[in-house]
There are 2 protein chains.
Amino acid sequence: MTRSATTQPQARAVHRRAALLDAAAALLAEGGSAAVSHRAVAQRAALPLAATTYYFASRDELIAEAFGRLVDHELAFMRETGLDDLMDGLAGRDRAQQLGLWELYLHAGREPGVLRTHARRWSEGCQAVVADLLGVPVHDPRAQLLYSAMCGVWLAYIVDGRPLDEVRQLLRLATEAATRPS
Amino acid sequence: MTRSATTQPQARAVHRRAALLDAAAALLAEGGSAAVSHRAVAQRAALPLAATTYYFASRDELIAEAFGRLVDHELAFMRETGLDDLMDGLAGRDRAQQLGLWELYLHAGREPGVLRTHARRWSEGCQAVVADLLGVPVHDPRAQLLYSAMCGVWLAYIVDGRPLDEVRQLLRLATEAATRPS
DNA sequence: AGTAAACTAGTACGCGCGTACCAGTTTTTG
DNA sequence: CAAAAACTGGTACGCGCGTACTAGTTTACT
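If you check an unreviewed UniProt entry, chain A appears there as HTH tetR-type domain-containing protein from Nonomuraea longicatena.

Peer 1: Can you help me understand the overall build of chain A in this one?
Peer 2: The helix and strand tally for chain A stands at nine helices and zero strands. Of the regular secondary structure in chain A, the N- to C-terminal order runs α-α-α-α-α-α-α-α-α. Sequence-distant contacts in chain A: of pairs separated by 6 or more residues, those separated by 24 or more amount to 59%. Counting every atom, chain A has about 8,900 Å² of accessible surface; 53% of that belongs to carbon and sulfur.

Peer 1: It is not clear to me how the interface of chain B and chain A should be interpreted in this structure. Could you clarify?
Peer 2: Quoted interface sizes are often the accessible area lost when the parts come together. On the side of chain A, 42 residues touch chain B, which itself brings 42 residues to the contact. Between chain B and chain A lies a buried interface of about 3,500 Å² when both sides are counted; carbon and sulfur atoms form 56% of it. On the chain B side of the contact with chain A, B:Leu106, B:Arg110 and B:Asp160 bury the most area, a combined 20% of that side's loss. Linking chain B to chain A there are two salt bridges. A salt bridge links A:Glu103 to B:Arg110, with the nearest nitrogen and oxygen atoms 3.6 Å apart. Applying the counting rule to chain B against chain A returns 14 residue pairs in polar contact (both at pLDDT 80 or more). Looking at the side of chain B that touches chain A, the elements that each hand over two or more residues are helix H1 (8-31), helix H6 (95-108), helix H7 (114-134), helix H8 (141-158) and helix H9 (164-179) of chain B. Top element by residues in the side of chain B that touches chain A is H8(B). It accounts for 10 residues. A breakdown of the residues in the side of chain B that touches chain A according to their chemical character gives 21 nonpolar, 10 polar and 11 charged.

Peer 1: Can you walk me through the relation of the copies chain B and chain A in this structure?
Peer 2: One copy of the chain maps onto the other through a rotation about an axis followed by a shift along the same axis. Between the two copies, chain B and chain A, the superposition gives an RMSD of 0.0 Å; the rotation angle is 180° and the shift along the axis is 0.0 Å. What the superposition gives is, in effect, a two-fold axis relating one chain to the other. Relative to the rotation axis, the closest C-alpha in chain B is found at B:Ala149, a distance of 1.9 Å. A high fraction, 100%, of the interface residues of chain B reappear at the interface in chain A, so the copies pair face to face through one surface.

Peer 1: Please clarify how helix H6 (residues 95-108) of chain A should be interpreted in this entry.
Peer 2: Side chains three or four residues apart in an α-helix point the same way, a direct result of the helix having 3.6 residues per turn. Residue and element names in this part refer to chain A. Between the first and last C-alpha of H6 there are 20 Å, a value that for 14 residues agrees with the 20 Å anticipated at 1.5 Å per step. For H6, the tally of buried residues reaches 11 of 14 residues, placing the bulk of the element in the interior. Within the sequence span of H6, burial applies to Gln97, Gln98, Leu99, Gly100, Leu101, Trp102, Glu103, Leu104, Tyr105, Leu106 and Ala108. Structurally, the start of H6 carries an N-cap: the backbone nitrogen of Ala96 is 3.3 Å from a side-chain oxygen of Asp94.

Peer 1: Explanation requested: the packing of H6(A) against H6(B) in the structure shown.
Peer 2: Helices that pack against each other are described as a pair by the angle of their axes relative to one another and the distance between those axes. Where H6(A) contacts H6(B), the axes come no closer than 10 Å and their chain directions differ by 170°. If you check the angle between H6(A) and H6(B), you find them roughly antiparallel. For the pair H6(A) and H6(B), the contacting residues are A:Leu99, A:Trp102, A:Glu103 and A:Leu106 in the first and B:Leu99, B:Trp102, B:Glu103 and B:Leu106 in the second. Looking at the contact of H6(A) with H6(B) residue by residue, the class counts come to six nonpolar, no polar and two charged.

Peer 1: Sorry if this is basic, but what is going on with empty space enclosed by the protein here?
Peer 2: Space left empty within the atom packing is revealed by a probe, the size of a water molecule, rolled over the atoms. Enumeration according to the criterion identifies seven cavities of 30 Å³ or more in this entry. Looking at the largest cavity, its volume works out to about 130 Å³. Lining the largest cavity are 17 residues, and of these A:Gly152, A:Ala156, A:Arg162, B:Tyr147 and B:Ser148 sit closest to its centre. At the level of secondary structure, the elements contributing two or more residues to the lining of the largest cavity comprise helix H8 (141-158) and helix H9 (164-179) of chain A together with H6, H7 and H8 of chain B. Residue composition of the lining of the largest cavity, grouped by class: nine nonpolar, five polar and three charged.

Peer 1: Which parts of the structure should I look at to understand the environment of A:Ala108?
Peer 2: Residues and elements named next belong to chain A. Summarising the element assignment, Ala108 is placed in helix H6. The buried category is assigned to Ala108, whose relative accessible area is 0%. Ignoring sequence-local partners within four residues, the contact set of Ala108 consists of Leu115, Arg116 and Ala119.

Peer 1: Explain the side chain of B:Gln98 to me, please; I cannot follow it from the model alone.
Peer 2: Here B:Gln98 shows up in helix H6. Setting aside residues up to four positions removed in sequence, B:Gln98 forms contacts with B:Glu74, B:Arg93, B:Trp154 and B:Ile158.

Peer 1: Help me understand the layout of surface pockets, please; the structure alone is not making it clear to me.
Peer 2: Taken as a whole, the largest pocket spans an internal volume of roughly 840 Å³. Along its surface, the largest pocket is lined by 36 residues, and A:Ser33, A:Glu103, B:Ser33, B:Ala34 and B:Glu103 are the ones closest to its centre. Those elements that provide at least two residues to the lining of the largest pocket are helix H4 (59-81), H6 and helix H7 (114-134) of chain A together with helix H4 (59-81), H6 and H7 of chain B. In terms of residue count, H4(B) provides more of the lining of the largest pocket than any other element does, six residues in total. Of the residues assigned to the lining of the largest pocket, the class counts are 13 nonpolar, 10 polar and 13 charged.

Peer 1: Would you mind going over the packing of H4(B) against H7(B) with me for this structure?
Peer 2: Residues and elements named next belong to chain B. The interhelical angle for the contact between H4 and H7, taken along N-to-C directions, is 5°, at an axis separation of 9 Å. As far as their axial angle goes, H7 and H4 are roughly parallel. When H4 is examined against H7, the residues Ala64, Phe67, Gly68, Val71, Asp72, Glu74, Leu75, Met78 and Arg79 are found in contact with a partner set consisting of Leu115, His118, Ala119, Arg121, Trp122, Gly125, Cys126 and Val129. Classifying every residue of the contact of H4 with H7 by side-chain character gives 10 nonpolar, three polar and four charged.

What counts and how
Residues numbered from 1 in each chain as written. Chains lettered and ligands numbered in written order. Predicted model: local features only at pLDDT ≥ 70, side-chain atom pairs only at ≥ 80, totals over all residues. Heavy atoms only, no water. Helix = DSSP H or I, 4+ residues; strand = E, 2+ residues; numbered from the N terminus. Contact = heavy atoms within 4.5 Å. Areas by Shrake-Rupley, 256 points an atom, 1.4 Å probe, with all protein chains shown as cover. Buried area = accessible area lost by both parts, 1.4 Å probe. Salt bridge = Lys/Arg side-chain N within 4 Å of Asp/Glu carboxyl O. Polar contact = N/O pair within 3.5 Å; in protein donor to acceptor, adjacent residues only side chain to side chain. Nonpolar A, V, L, I, M, F, W, Y, C, P; charged D, E, K, R; others polar. Least-squares fit on C-alpha atoms with pLDDT ≥ 70 in both. Expected span 1.5 Å × (residues − 1). Buried < 20%, exposed > 50% of the residue type's maximum accessible area, 1.4 Å probe, protein only. Axes fitted to C-alpha atoms, helices over the stretch in contact; angles between N-to-C directions. Parallel < 35°, antiparallel > 145°, perpendicular 65-115°, else oblique. 1 Å grid on protein atoms, 1.4 Å probe; cavity = no way out; pocket = protein on both sides within 12 Å on 5 of 7 lines; lining within 4 Å. Points joined across faces, edges and corners; volume = space filled by probe spheres on them.

Rendered as structure tokens:
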């Protein structure tokens, strides 16, 4: 009975940790990694400041884990939509969140730590989805090519605010180019 | 005589402003926009702290102008190397500086101010270079496509540290795909 | 020559930050 | 039941930051 009866406190702790990560991810999307501070996270999760330092050894760790969570969600989303229509998958997503994701991806380029792992996980996951869409093996150059083109188009859409029609057309073109036998 | 004799002080001021911008750009490359603080810039330029607030209304303005300068340099470099060999142009550049550039590009996506202008100037400048290389008009979809692919490959190289050989091959593939008549 | 404008440089204010600390409570363990 | 471990939450420290202020110096204009 003492066992699994009412493990209330630990359950609460797990919930709290998750709440902190959710808050961090949300802040990340809203204002980039600069917006993710202990205080901001705690306040958003409606928890005391000290909770953040208790559950995470440092701010970097908190950010890294939030990044990982964001990557998970993003990959899951991409897989489930199947990307039959790449564009709707792109256009429907929160622009700020995409920005945050990319920002962290770049940030990962500066330090070879955990962030780098998540970054690789993301890019390779995306590439796998694309390869699946194309019906070719994951490391097929055509998949890599299409994925690269998608990145460029994606960024142009998110940052430069390129019109959706142009993006749509470009993506179609890229798919054709990658599909066409060389 | 009073005229252009020894306009020393203004000349010094101009020089100082440039020195501050250079310092800011260098810091930007080293540690991202977070590393660009009034104090850090002043110290690096060997100038008193107050100089930064005198020549620039705010930190944002300083960063924006440094970004513009970085974009100028980058575009000039790309044009002068002609990109006969895209790869050597890519591989020879300072990785950290590229990261800083991209970081600011992303940051521009969050605010529609001056940063956005520079960001557009950069992406369109790059695209123009690519179009020139391909021998097609600037807004030709093929140029856009190749540029997009280049962005993706570029990022993979800078952030993920993808091997140069793979990048080289991918770029060749992209060029072929864009060149081939549709 | 003399007034206004440009420039220099030191210093101070207030704030938010990461993190450490610690006295409490609760839960698990032996 | 007692001791240990997990957890809570309030508070404090020290720091670097953006920016404002001010007194002094130099240069440009009439």
